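Report on the structure
Next come the chains, spelled out residue by residue.
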Amino acid sequence: MFHNPFLYLSYGFGVKALISAVLTGLTCSAVGSYVILRKMSFAGAGLAHIALAGVAFGIFLGVNPTLTALVFSLLSSIIIWFFQLKRGLHFDATMGALFATSVALAVIFLSLSGAYGSSALSYLFGSPLSVTDVDLLLLTVTTLIVFSFFFIFWREIYLISFSQEIAKASGYKVELITFLMSLLIALVVTFSLKAVGALLVFSLLVMPAASAFRLAGSYSKFFTLTVLFGFLSSLLGILVSFSLDAPSGATITLVSFLIFLLSSFLD
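The model shown is predicted, which means the values in this text are computed figures rather than measured ones.

A count of helices and strands for the protein gives 12 helices and 0 strands. The order of helices and strands in the protein, counted from the N terminus, is α-α-α-α-α-α-α-α-α-α-α-α. The C-alpha atoms of the protein give 18 Å as radius of gyration, which agrees with the globular expectation for 267 residues (18 Å, within 12%). In terms of overall dimensions, the protein has a C-alpha envelope of 55 × 45 × 30 Å along the principal axes. Each of the 267 residues in the protein was classed as buried or not, and the buried ones make up 53%. Pairs at least 24 apart in sequence give 76% of the contacts found in the protein among residues at least 6 apart. Split by element, the accessible area of the protein, about 12,100 Å² in all, is 73% carbon and sulfur. Here the protein contributes 11 positive and 8 negative side-chain charges, whose respective centroids are spaced 8 Å apart.

Let us look at the packing of aromatic side chains. Using the criterion set out here, one finds 16 aromatic pairs in the structure. Centroid distance Tyr219 to Phe222: 6.4 Å. Interplanar angle 40 degrees. Geometry classified as tilted. Here Tyr219 pairs with Phe222, and both are found in helix H11 (residues 219-244), just 3 residues apart, close to one helical turn. Taken together through their ring pairs, the aromatic side chains of Phe147, Phe150, Trp154, Tyr158, Phe162, Phe213, Tyr219, Phe222 and Phe223 make up a single cluster.

Attention now moves to a nonpolar patch on the surface. Where nonpolar side chains cluster on the molecular surface, the patch consists of Phe60, Leu61, Val63, Ile108 and Leu112 and spans about 450 Å² of accessible area. You can see Leu61 is positioned in helix H2 (residues 42-61). Judged by relative accessible area, which is 46%, Leu61 ranks as partly exposed.

A rise of 1.5 Å per residue sets the reference length of helix H10 (residues 201-213), with its 13 residues, at 18 Å; its end C-alpha atoms lie 19 Å apart and thus fit the reference within 8%. Considered for burial, the residues of H10 that qualify are Val201, Ser203, Leu204, Leu205, Val206, Met207, Pro208, Ala209, Ser211 and Ala212. At its buried positions, H10 is contacted by helix H1 (12-37), H2, helix H9 (174-196), H11 and helix H12 (248-266).

This brings us to helix H6 (residues 133-152). The terminal C-alpha atoms of H6 lie 28 Å apart, and with 20 residues this matches the ideal 28 Å at 1.5 Å per residue to within 8%. The complete set of buried residues in H6 reads Asp135, Leu136, Leu139, Thr142, Thr143, Val146, Phe149 and Phe150. Looking straight down H6, one finds its buried side chains confined to an arc of 155 degrees; they lie on one side. In this structure, H6 carries Asp133, Val134, Leu137, Leu144, Phe151 and Ile152 as exposed residues pointing more than 90 degrees from its buried face. Tucked into the core, H6 has its buried residues touching H1, helix H7 (154-162), H9 and H11.

Turning our eyes to something else, we now look at the packing of H1 against H10. For the pair H1 and H10, interaxial distance at closest approach is 7 Å and the crossing angle is 65 degrees. As for how H1 packs across H10, the hand of that crossing is right-handed. Residues Thr24, Gly25, Cys28, Ser29, Val31, Gly32, Ser33, Ile36 and Leu37 of H1 form the contact with H10, whose participating residues are Val201, Leu204, Leu205, Val206, Pro208, Ala209, Ala210 and Phe213. Counted by class, the contact of H1 with H10 contains 12 nonpolar, 5 polar and no charged residues.

Definitions and limits used
Residues numbered from 1 in each chain as written. Predicted model: local features only at pLDDT ≥ 70, side-chain atom pairs only at ≥ 80, totals over all residues. Heavy atoms only, no water. Helix = DSSP H or I, 4+ residues; strand = E, 2+ residues; numbered from the N terminus. Rg over C-alpha atoms; globule rule 2.2 N^0.38 Å. Buried < 20%, exposed > 50% of the residue type's maximum accessible area, 1.4 Å probe, protein only. Contact = heavy atoms within 4.5 Å. Areas by Shrake-Rupley, 256 points an atom, 1.4 Å probe, with all protein chains shown as cover. Lys, Arg positive; Asp, Glu negative; His and termini not counted. Charge placed at Lys NZ, Arg CZ, Asp CG, Glu CD. Phe/Tyr/Trp six-rings, centres within 6.5 Å; stacked < 30°, edge-to-face > 60°. Patch = residues over 30% accessible without salt bridge, like charges linked within 9 Å, V, L, I, M, F, W, Y side chains within 5 Å. Salt bridge = Lys/Arg side-chain N within 4 Å of Asp/Glu carboxyl O. Expected span 1.5 Å × (residues − 1). Arc of directions from axis to C-beta. Axes fitted to C-alpha atoms, helices over the stretch in contact; angles between N-to-C directions. Left-handed = near helix turned anticlockwise from the far one by under 90°. Nonpolar A, V, L, I, M, F, W, Y, C, P; charged D, E, K, R; others polar.

Structure, rendered in structure tokens:
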């Protein structure tokens, strides 16, 4: 029933799966710290399904699904940002409308293309063992962009996360930072699909940050714990999946939930 999980690491696909899962955990948890504090937890589920519609569109056209998923995610992020800041429409309202529309589009595109097989399911449930060198490169670049962005705009992100009014009064370009963060979240969600899938990327955006929220006494500690929990969730989750020969996205989510439960008792 159990296998030695480290045997997989003697193969190239096993190493790629481990690295992609860890990078996904790091990036998702990092932007998840912003998502939780801004009360935008629905963003993960919404953007993941919007990206899935992009995947379906790519399969329908016969082009790279990751490229079309990225286009769908970025355009949706821009639309959400515009209606939220320029038209005063609440985030949940715009995201809800795009979420429902994207699910409908995904069904239509998959139906027209006749592709309900592994190509679509790998993006729905995640398939880290099929991660390619290009996928790994995109995840690595995304990770560098995410942590560089947080390092450069640490103060701005901190203030915006708690109060946009204070950030504006302090002279920071709130609209620009929120716009860039929206694009960053879309980028992370899109390139995480292959590793954990559209249905489970939401867990890595929300649960590590939710686990760290009540344990941290400061923003820096909160961010550090969030990233640590994301790292542990993905690392332990992928090793458990190797050991049980189980779907990696599901095991990563379960490990993340166990960390959430443990943090609740430690609080």
